[in-house]
Amino acid sequence: MLELKVITTYVLASADNAKTFKNDFVVDAKEFYEAISKRHRATHPKLIAAWQAGMQEFEGDERRALEAGLQREIERGPQTQETDEETEAYRKLMDEFGISPKSKPMRSGEIAKLISQNEEFDPMFKVCSKMMHRTALSIAASTTKGSLDEVIPLLASTGTGEFLAIYDLIDQHFRARGVQLP
C-alpha cells in the first residue's frame, strides 16, 4: 500500500512521470512472467525428486498410479507455455513502445527519493519487505503462538492510512485539473 501511495504521488506529478511509470510497468510485468517461468524450470526437478521419494511408501495399484502420474509429469516437463507467452507479449509491447530490452524498472525506493518521501517510505518498506521475504514463512513457522500479534495492528493502520492518502491524492489531482483526455 505504501508503494502504491509513492507511485500515485509520482505519477500524478507530471505527464513525463506517468509515461515513465507506464514503461516501467511494462518492463516489470515482463520480468514477472519471465521469473515465474525461470522458477518453474528451476524447481521442476525438485518436484520430480519429491514425487519419487514419496512414492516409496506405496505398493500395488496406488504405486502404479503414482508411477504413471510421475511419468506423465516427467514427459510434460516444466509447464511454462502460458508464462512464456505472457513474457513474449510484454517483450513485443516493449518493442512497440521503444523500450530497450535491457531496461530495468525504477524501484519504489528510488521513486520515493525523487518525490522526497523516502523518510516516510523507508521504515515501512523495511518492515513489509521483511514480512514478504521468502524466509518469513520459516520464521513464522518457528515462532510461538501470538508472537506476531503486534504486527497486525501496524499493518492494518498503515494500510488504512495509505489507502486514504491515495484516495486524497487522486481526489486533489482531479479537483485541481479535472478530467483531461489525451
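Just above sits the structure.
From a predicted model like this one, the values you see are computed outputs, not experimental measurements. (Residues numbered from 1 in each chain as written. Predicted model: local features only at pLDDT ≥ 70, side-chain atom pairs only at ≥ 80, totals over all residues. Heavy atoms only, no water.)

A. Examining the environment of Ile111 more closely. With respect to the helices and strands, the residue Ile111 is situated in helix H5 (residues 108-114). A sequence separation of 10 residues divides Ile111 from Phe121, and the C-alpha atoms of the two residues are 10.0 Å apart. Once residues within four sequence positions are removed from consideration, Ile111 is found in contact with Val6, Ile7, Tyr10 and Met106. (Helix = DSSP H or I, 4+ residues; strand = E, 2+ residues; numbered from the N terminus. Contact = heavy atoms within 4.5 Å.)

B. Fine view of a nonpolar patch on the surface. The grouping of Ile170, Phe174 and Val179 at the surface amounts to a nonpolar patch, some 290 Å² of accessible area in total. Counting through the fold element by element, Phe174 comes out in helix H8 (residues 151-177). (Patch = residues over 30% accessible without salt bridge, like charges linked within 9 Å, V, L, I, M, F, W, Y side chains within 5 Å. Areas by Shrake-Rupley, 256 points an atom, 1.4 Å probe, with all protein chains shown as cover. Salt bridge = Lys/Arg side-chain N within 4 Å of Asp/Glu carboxyl O.)

C. Molecular detail of the packing of aromatic side chains. Under the criterion given, the structure shown has 3 aromatic pairs. Relative to Tyr33, the ring of Phe32 has its centre 5.2 Å away and its plane inclined at 75 degrees; by these criteria the two rings are edge-to-face. Accessibility expressed as a relative area gives 23% for Tyr33, which makes it partly exposed. Ring geometry for Tyr33 versus Tyr90: centroids 6.0 Å apart, planes at 15 degrees, classification stacked. With Tyr33 in helix H2 (residues 15-55) and Tyr90 in helix H4 (residues 81-97), this pair connects stretches of sequence that are 57 residues apart. Geometry around Phe97 places Lys22 over its ring, the cationic atom sitting 4.1 Å from the centre. (Phe/Tyr/Trp six-rings, centres within 6.5 Å; stacked < 30°, edge-to-face > 60°. Buried < 20%, exposed > 50% of the residue type's maximum accessible area, 1.4 Å probe, protein only. Lys NZ or Arg CZ within 6 Å of the ring centre and 35° of its normal.)

D. Representation of unusual backbone geometry. Unlike most non-glycine residues, Ser116 shows phi in positive territory, near 55 degrees. Structurally, the position occupied by Ser116 is in the loop between H5 and helix H6 (118-132).

E. Fine view of the packing of H2 against H4. One way to put it is that H2 packs onto H4 with a least axis distance of 8 Å and a crossing angle of 155 degrees. In terms of orientation, H2 and H4 fall into the roughly antiparallel class. You can see that H2 and H4 cross each other, and the crossing is left-handed. Seen from H2, the contacting residues are Lys22, Asn23, Val26, Val27, Ala29, Lys30, Tyr33, Glu34, Ile36, Ser37 and Arg41; seen from H4, they are Thr83, Asp84, Glu86, Thr87, Tyr90, Arg91, Leu93, Met94 and Phe97. (Axes fitted to C-alpha atoms, helices over the stretch in contact; angles between N-to-C directions. Parallel < 35°, antiparallel > 145°, perpendicular 65-115°, else oblique. Left-handed = near helix turned anticlockwise from the far one by under 90°.)

F. Seen up close, helix H3 (residues 60-76). Over its 17 residues, H3 extends 24 Å from the first C-alpha to the last, a length consistent with the 24 Å expected when each residue adds 1.5 Å. Looking at the buried side of H3, the elements it contacts are H2. (Expected span 1.5 Å × (residues − 1).)

G. Representation of the environment of Ile166 within the structure. Mapped onto the secondary structure, Ile166 falls in helix H8. The buried category is assigned to Ile166, whose relative accessible area is 8%. Residues Ile166 and Lys5, spaced 161 residues apart in sequence, show a C-alpha to C-alpha distance of 5.3 Å.

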